[in-house]
Every structure is written in C-alpha cells, then in structure tokens.
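# Structural overview
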Amino acid sequence: MDIKTGIGLDSHRFVEDNSDRPLTLGGLIFDDAPALSGNSDADVILHAVTDAISGVTGYTVIGAVADALCQKGFTDSKAYLKLALESLGDWRISHLSIAIECSRPKIDPKVPALRNSLSSLLAVRVEDVCITATSGEGLSDYGRGEGIHVSALLTVIKD
Ligand SMILES: [Zn+2]
C-alpha cells in the first residue's frame, strides 16, 4: 500500500463592515462571528483542506483556478474542494486532521457538526476527520479575534 500526506494552510481576516453573507466554515454557517473577507465565501477550512489535497496531487486549485471560478460566479468553496477531490484519481483519503486557531467563533461546540460536514463532503468516515481548536493564548492576530487560521493535514492511501 502506498501512503502520501499533504499539508494545507489558510487564513482570512474578518470583514470590518457588516457583510450580507454569513460566516461559513467547513460548509456550515456560524452566527457568532462576522463573515471572513475574500472574493469567494472565504471558507478558510475548506480552502486549507483543498490545499492539503493539492499537497498530494500537485494540482493547485486555490489560487488561479479558484479565482477564475469566482469571476464566473462560483463563490461556494465546495466547488473548489470538488475539483481537488476529482484530481485524487486512485488515491483514497484515509484521514484528515485539522487545527484551527481563533478566538471567535467558538469552535468546540461545533466540532461534531464540522466533523459530520467534512466527512460528508470528503466521503470519509466521521472518525477519520479530527478537529482541534485553540486561541493560542491570544498571542497571534487570530487569537486576538482578527481572523481565523487553519492547518490541515491529509493522509491518502492507494492499494
Ligand atoms: Zn482562503
């Protein structure tokens, strides 16, 4: 069996004015923090996961490809994730580990829902999607509530 791992990082800052769109994380709507800035829905979790997939396929979606989709009106980050997933070929996702740094919104109460959402988007078992969150004692801009940072580590296997 062959194994590969990919890493993906992303961060977005909160919009300063009231946004007409909600905060979207891992495909879920959060109502206890403002939206994140970006030309898409700025789903920082899905962007990090998409980049982690690119980290094993070598096909980069977040960047020029996603920007072009954005300009055509596709702002749902699930579309970028889908493209990356299609590039996996025979490789199958065996595990996803996500670490989130922020002070808002509160992540811990939403961890089960986030795991379910990612499990369904990636077609992997819920127990193979793990999420941790920290405010990092407020030492960074994320911990001080200015935005959200996400690291994603993906393991894929091929029989
Ligand atoms: Zn992003």
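Now for a look at the structure at hand. (Residues numbered from 1 in each chain as written. Predicted model: local features only at pLDDT ≥ 70, side-chain atom pairs only at ≥ 80, totals over all residues. Heavy atoms only, no water.)

## Here we look at the overall build of the chain
Scanning the chain from terminus to terminus reveals four helices and six strands. Overall, the chain is about 50 × 35 × 25 Å in size when its C-alpha atoms are taken along their principal axes. The buried share of the chain, taken over its 159 residues, is 43%. Counting contacts in the chain only where the partners sit at least 6 residues apart, residues at least 24 apart contribute 73% of the total. If you sum the accessible surface of the chain, you get close to 8,000 Å²; carbon and sulfur atoms cover 50% of it. One way to put it: in the chain the 14 positive side-chain charges average out to a point 3 Å from where the 22 negative ones average out. (Helix = DSSP H or I, 4+ residues; strand = E, 2+ residues; numbered from the N terminus. Buried < 20%, exposed > 50% of the residue type's maximum accessible area, 1.4 Å probe, protein only. Contact = heavy atoms within 4.5 Å. Areas by Shrake-Rupley, 256 points an atom, 1.4 Å probe, with all protein chains shown as cover. Lys, Arg positive; Asp, Glu negative; His and termini not counted. Charge placed at Lys NZ, Arg CZ, Asp CG, Glu CD.)

## A look at the coordination of the zinc ion
The coordination sphere of the zinc ion, as far as protein atoms go, consists of Asp10 (OD), His12 (NE2) and His47 (ND1), spread over 2.0 to 2.1 Å. When the donor residues of the zinc ion are listed from N- to C-terminus, their spacing reads D-x1-H-x34-H. There is no split in this pair, since Asp10 and His12 are both buried. (Donors = N, O, S within 2.8 Å, 3.2 Å for Na, K, Ca; no water.)

## Some thoughts on the nonpolar core
In summary, soluble globular proteins display a tendency toward joint burial of nonpolar side chains. Ranked by internal contacts, the top residues of the largest apolar core, which has 42 residues, are Leu25, Ile45, Val49, Ile98, Ile100 and Ile148. Taken together, the elements giving at least two residues each to this core come down to strand S2 (23–25), helix H1 (44–57), helix H2 (64–71), helix H3 (77–86), strand S4 (92–101), helix H4 (111–122), strand S5 (129–134) and strand S6 (147–158). If you tally residues by element for this core, the top one is H1, at eight residues. Those residues within four positions of Ile98 in sequence are excluded, and the remaining contacts are Ile45, Val49, Leu118, Cys130, Ile131, Thr132, Val150, Ser151 and Ala152. (Core = buried A, V, L, I, M, F, W, Y, C linked by side-chain atoms within 4.5 Å.)

## Regarding a nonpolar patch on the surface
A cluster of nonpolar side chains, contributed by Ile7, Leu9 and Leu153, occupies part of the molecular surface with about 290 Å² of accessible area. Summarising the element assignment, Leu9 is placed in strand S1 (residues 2–13). Classification of Leu9 as partly exposed rests on a relative accessible area of 48%. (Patch = residues over 30% accessible without salt bridge, like charges linked within 9 Å, V, L, I, M, F, W, Y side chains within 5 Å. Salt bridge = Lys/Arg side-chain N within 4 Å of Asp/Glu carboxyl O.)

## Things to note about the layout of surface pockets
The calculated volume of the largest pocket comes to roughly 170 Å³. Contributing to the lining of the largest pocket are Leu85, Leu88, Trp91, Arg92, Ile93, Ser94, Leu122, Ala123, Val124, Arg125 and Asp128. The element best represented in the lining of the largest pocket is S4, accounting for three residues. Here the lining of the largest pocket is composed, by residue class, of seven nonpolar, one polar and three charged. (1 Å grid on protein atoms, 1.4 Å probe; cavity = no way out; pocket = protein on both sides within 12 Å on 5 of 7 lines; lining within 4 Å. Points joined across faces, edges and corners; volume = space filled by probe spheres on them. Nonpolar A, V, L, I, M, F, W, Y, C, P; charged D, E, K, R; others polar.)

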